[in-house]
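# Commentary on secondary and tertiary structure
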Amino acid sequence: MTHIGFATPPTLPPANGYSHVATVPPDSRLVWTSGQVPISADGTPAAAGDWEAQTRLVMRNVGAALEAGGATWDDVFKLTIYVVDTSALPTVRAVRDEFVNLERPPTSSLVQVAGLFRPDILIEIEAVAAVPTA
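Residues numbered from 1 in each chain as written. Predicted model: local features only at pLDDT ≥ 70, side-chain atom pairs only at ≥ 80, totals over all residues. Heavy atoms only, no water.

Strand order in this open sheet of 4 strands is β3-β6-β4-β5, and the pairing throughout is mixed. Strand pairing shows two members of the sheet lacking a second neighbour, β3 (28-32) and β5 (107-112), which therefore form its edges. Geometrically, the sheet is characterised by an average inter-axis angle of 10° between neighbouring strands, direction not taken into account. Inspection of the sheet shows strand β4 (residues 76-83) paired to strand β6 (residues 123-132) by 7 bridges, in the antiparallel sense. (Pairing = 2+ DSSP bridges. Helix = DSSP H or I, 4+ residues; strand = E, 2+ residues; numbered from the N terminus. Axes fitted to C-alpha atoms, helices over the stretch in contact; angles between N-to-C directions.)

All right, on to the environment of Ala134 then. Looking at the element boundaries, Ala134 is found in the segment after β6. Under the relative-accessibility criterion, Ala134 is labelled exposed at 89%. C-alpha separation for the pair Ala134 and Ser28, spaced 106 residues apart in sequence, amounts to 7.9 Å. (Buried < 20%, exposed > 50% of the residue type's maximum accessible area, 1.4 Å probe, protein only.)

A few words now on the pattern of salt bridges. Evaluation of the coordinates by the stated rule reveals 4 salt bridges. A salt bridge links Arg56 to Glu98, with the shortest nitrogen-to-oxygen separation between them at 2.5 Å. With Arg56 in helix α1 (residues 51-68) and Glu98 in the loop between α2 (89-96) and β5, this pair connects stretches of sequence that are 42 residues apart. Overall, Arg56 belongs to the buried group, its relative accessible area being 16%. Where Asp97 meets Arg96, a salt bridge forms, and the shortest distance between an N and an O atom there is 2.9 Å. Under the relative-accessibility criterion, Asp97 is labelled partly exposed at 26%. Among the charged side chains, a salt-bridge network with shared partners connects Glu52, Arg56 and Glu98. (Salt bridge = Lys/Arg side-chain N within 4 Å of Asp/Glu carboxyl O.)

Here you go:
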């Protein structure tokens, strides 16, 4: 991940587990994932109402999508997180922190939405990664 530059300048508010700015060198291949939800490859959803289980499965699914694109969590420079409720943000952050490099966290956006595609789905996450080509 050293090929991606991360910054949180003092001219912006302190960040909680994310960077404000990411720069990607021109010799990188970009990998985008679709939004991933807490449903396993066999179609089994994580437990309804369980923020920790749903977030962990989503992060695993994002990891699998990254791998399919030839990237890893170390290559991620942008996360977009959609939640139906922000009250579980501490849990979401704690699980996220198990997957991202806390010394060089990706940029991040969190969006509260009225609902996702099913009422039992609490969270959806998408990622953008940059893989060095040289």
